[in-house]
Amino acid sequence: MMRRGGWFPLVCGLMTLAALALVGSNVAVIAVRGLKSLPACLVQPEVRFALGLSVKSACISTALCFLLAAPTAYTLTRTALPGRRAAEMVLELTMSLPYIVLGLSMLILFSSPAGKWLKEAGFPVVFHQNGVILAQLVVNLPFAVRLCAAAFRGVDRKLECTAGLLGASPAQQFFTVLLPLSKNALISAVILVWSRALGEFGATLMLVGVTRMKTETLPGSIYLAVSTNNLDAALASAFLLLVLSALSLTAASLLGRSSEKRSRYV
Amino acid sequence: MCEHATEEILRLEDVTLRRGSFLLNQIRFSVRAGEIVAILGRTGAGKTLLLETIAGFCRPEAGRVLCRGTNICRIPLHQRNIGYLYQDFSLFPHMIAAANLGYGLKLRRVPKGEIQKRVETMADRFGIRSILDQYPGTLSGGEQQRVALARALMVRTPLLLLDEPFSALDPATKEGLYRLLREICQEFQCAVVLVTHDFREAAALSHRVGVLLGGTLRGVVPAQELFDAPWDEETRCFLGLEAPEKE
């Protein structure tokens with residue numbers, strides 16, 4: 001017999017099943033059909049090029065992203081800089097914008113005389129692989145700042161004050177206290193940002209388009225394959241993205257678990 | 001009061017600071033080397049804000065904080081050489097006790113061997129030699145307190161600020177630490193400002209006691225005169241010398 005009030009967990013359970021079916025069916029399609037198409041597609045130079053470009057650009061853009069995000073998050077969480085709130089709002093706003101809009105603005109920016117000057121100086125962006133990295137960087141930067149800020153906010157400020165009174169300059173406080181104490185959260189953030197960079201498509205499409213063997217990332221490869229009715233190639237690329245995402249998610253969750261264990265001990 | 005303490009380490013001159021609707025109002029007192037001054041007050045009286053202002057976490061709107069005669073209000077935190085102990089000790093959780101102790105010396109580029117020697121000497125003085133390789137999370141409250149005190153003294157700080165440092169400890173541990181604090185205060189000739197809401201602790205530990213109520217320092221008197229001094233009515237009520245008037 002059902003206990004009083006027992007209907008609520010039951011309804012929630014059914015909703016959970018519906019949610020799992022909705023998401024899981026998509027994952028299952030890619031996993032089953034993509035795996036079947038993978039061996040034949042992996043030998044194709046286009047797919048291997050897309051995989052290589054995706055991984056390379058995601059690594060570079062993620063590194064650049066955190067080079068900018070960590071100091072920005074520090075400024076936002078640890079200083080009394082005027083205009084901090086406005087800066088936070090700008091970052092939040094770009095996070096909620098469709099990425100294709102960011103891509104459009106970047107296209108206009110880099111097609112301007114300044115963009116042309118950059119090209120002449122040896123740094124072409126529009127319709128170039130540099131643009132892939134830049135698109136991933138701009139799209140992910142607000143997200144990375146938010147993750148870094150959350151990591152920094154998790155560290156007790158008193159520890160930095162104590163370090164300061166023991167003689168640590170702000171930079172020393174950052175490198176000896178704040179960074180080590182937010183290390184695990186930051187590593188998880190790097191993995192998540194890398195995984196998002198890998199799947200970036202909207203802004204990249206606007207800025208560099210998708211040209212075979214030139215600016216073709218894995219998401220671009222799926223787009224091209226579907227456009228040319230090559231479903232097997234699209235599924236193979238999708239499967240590769242699924243595997244990479246699953247691996248990064250596993251790494252992030254393992255790190256989270258080890259950090260939890262450590263915080264219980266320390 | 002200690003007889004040899006002559007050098008004035010800390011002097012507050014009309015220090016004023018507003019935080020929202022709270023006003024820390026024209027605080028003035030001084031502390032000499034080897035002296036312990038306790039600031040007594042209710043929760044929300046401004047005790048921690050006062051310590052944070054001395055330490056440099058907040059800048060006073062008016063008045064001066066003088067350390068050995070120098071106005072330190074505009075000196076950056078890391079150049080002040082002041083020890084600060086929080087209620088929760090604020091040991092660096094990612095460093096073992098030895099690394100916590102040696103942190104300040106490492107920043108001052110003292111050679112590794114010298115750091116180790118000085119850490120061990122200080123650890124012996126504080127009875128924490130056996131826990132030097134342990135992380136703070138594995139230490140008891142009393143041990144953490146000792147490590148935190150030792151860490152502050154490693155860099156030869158002339159001024160130690162203690163923010164209710166004994167409130168979370170059991171009576172036996174407290175007694176031991178009172179004794180230790182009095183000893184090291186004399187030995188290292190450092191001035192100590194301690195904030196607490198515990199009358200007994202203030203009277204037992206300090207040479208002089210100040211009462212801070214509503215952001216105003218009502219006076220600083222020798223500890224043995226705490227209950228005999230000519231306090232105003234509100235302070236007498238706070239000290240339990242007079243029953244508050246019924247409305």
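What you see is a predicted model, and the numbers here were worked out from it, not measured in a lab. (Residues numbered from 1 in each chain as written. Chains lettered and ligands numbered in written order. Predicted model: local features only at pLDDT ≥ 70, side-chain atom pairs only at ≥ 80, totals over all residues.)

Participant: Describe the overall build of chain A, listing the residues and the values that go with them.
Facilitator: Looking only at helices and strands, chain A has 12 helices and zero strands in total. Order of helices (α) and strands (β) in chain A, N terminus to C terminus: α-α-α-α-α-α-α-α-α-α-α-α. Its C-alpha atoms give chain A principal-axis dimensions of roughly 75 × 65 × 30 Å. By the burial criterion, 38% of the 266 residues in chain A qualify as buried. (Helix = DSSP H or I, 4+ residues; strand = E, 2+ residues; numbered from the N terminus. Buried ≥ 20, exposed ≤ 12 C-beta atoms within 10 Å, placed from the backbone.)

Participant: Help me get a handle on the domain arrangement of chain B, residues and values and all.
Facilitator: Residues and elements named next belong to chain B. When the domains of chain B are assigned, the result is domain 1 (1–81 + 159–247) and domain 2 (90–156). Between the C-alpha centres of domain 1 and domain 2 the distance comes to 26 Å. Contacts between domain 1 and domain 2 engage nine residues on the former and six residues on the latter. Considering each element in turn, the side of domain 1 that touches domain 2 owes the most residues, three residues, to helix α5 (residues 171–187). Here the side of domain 1 that touches domain 2 is composed, by residue class, of seven nonpolar, two polar and no charged. (Domains from an automatic or database assignment. Contact = placed C-beta atoms within 7 Å. Nonpolar A, V, L, I, M, F, W, Y, C, P; charged D, E, K, R; others polar.)

Participant: Residues and numbers for the environment of serine 245 of chain A, please.
Facilitator: Residue and element names in this part refer to chain A. Structurally, the position occupied by serine 245 is in helix α12 (residues 231–265). Serine 245 sits in the partly exposed class, given 15 other C-beta atoms within 10 Å. Placed 51 residues apart in sequence, serine 245 and tryptophan 194 show a C-alpha to C-alpha distance of 9.2 Å.

Participant: How would you summarise the interface of chain A and chain B if you had to cite specific residues and measurements?
Facilitator: Across the contact, 16 residues belong to chain A and 20 residues belong to chain B. Sorting the residues of the side of chain A that touches chain B by element identifies α7 (157–165) and α8 (170–181) of chain A as the ones contributing at least two each. Top element by residues in the side of chain A that touches chain B is α7 of chain A. It accounts for six residues. Of the residues that constitute the side of chain A that touches chain B, the class distribution is 10 nonpolar, five polar and one charged.

Participant: Tell me what's going on with the environment of arginine 74 of chain B, and back it up with residues and numbers.
Facilitator: Residue and element names in this part refer to chain B. Looking at where arginine 74 falls in the secondary structure, it is placed in the loop between β5 (70–71) and β6 (82–85). On the neighbour-count criterion, arginine 74 (7 C-beta atoms within 10 Å) is exposed. In the structure, arginine 74 is positioned 15 residues away from arginine 59 in sequence and 8.0 Å away in space, judged by C-alpha atoms.

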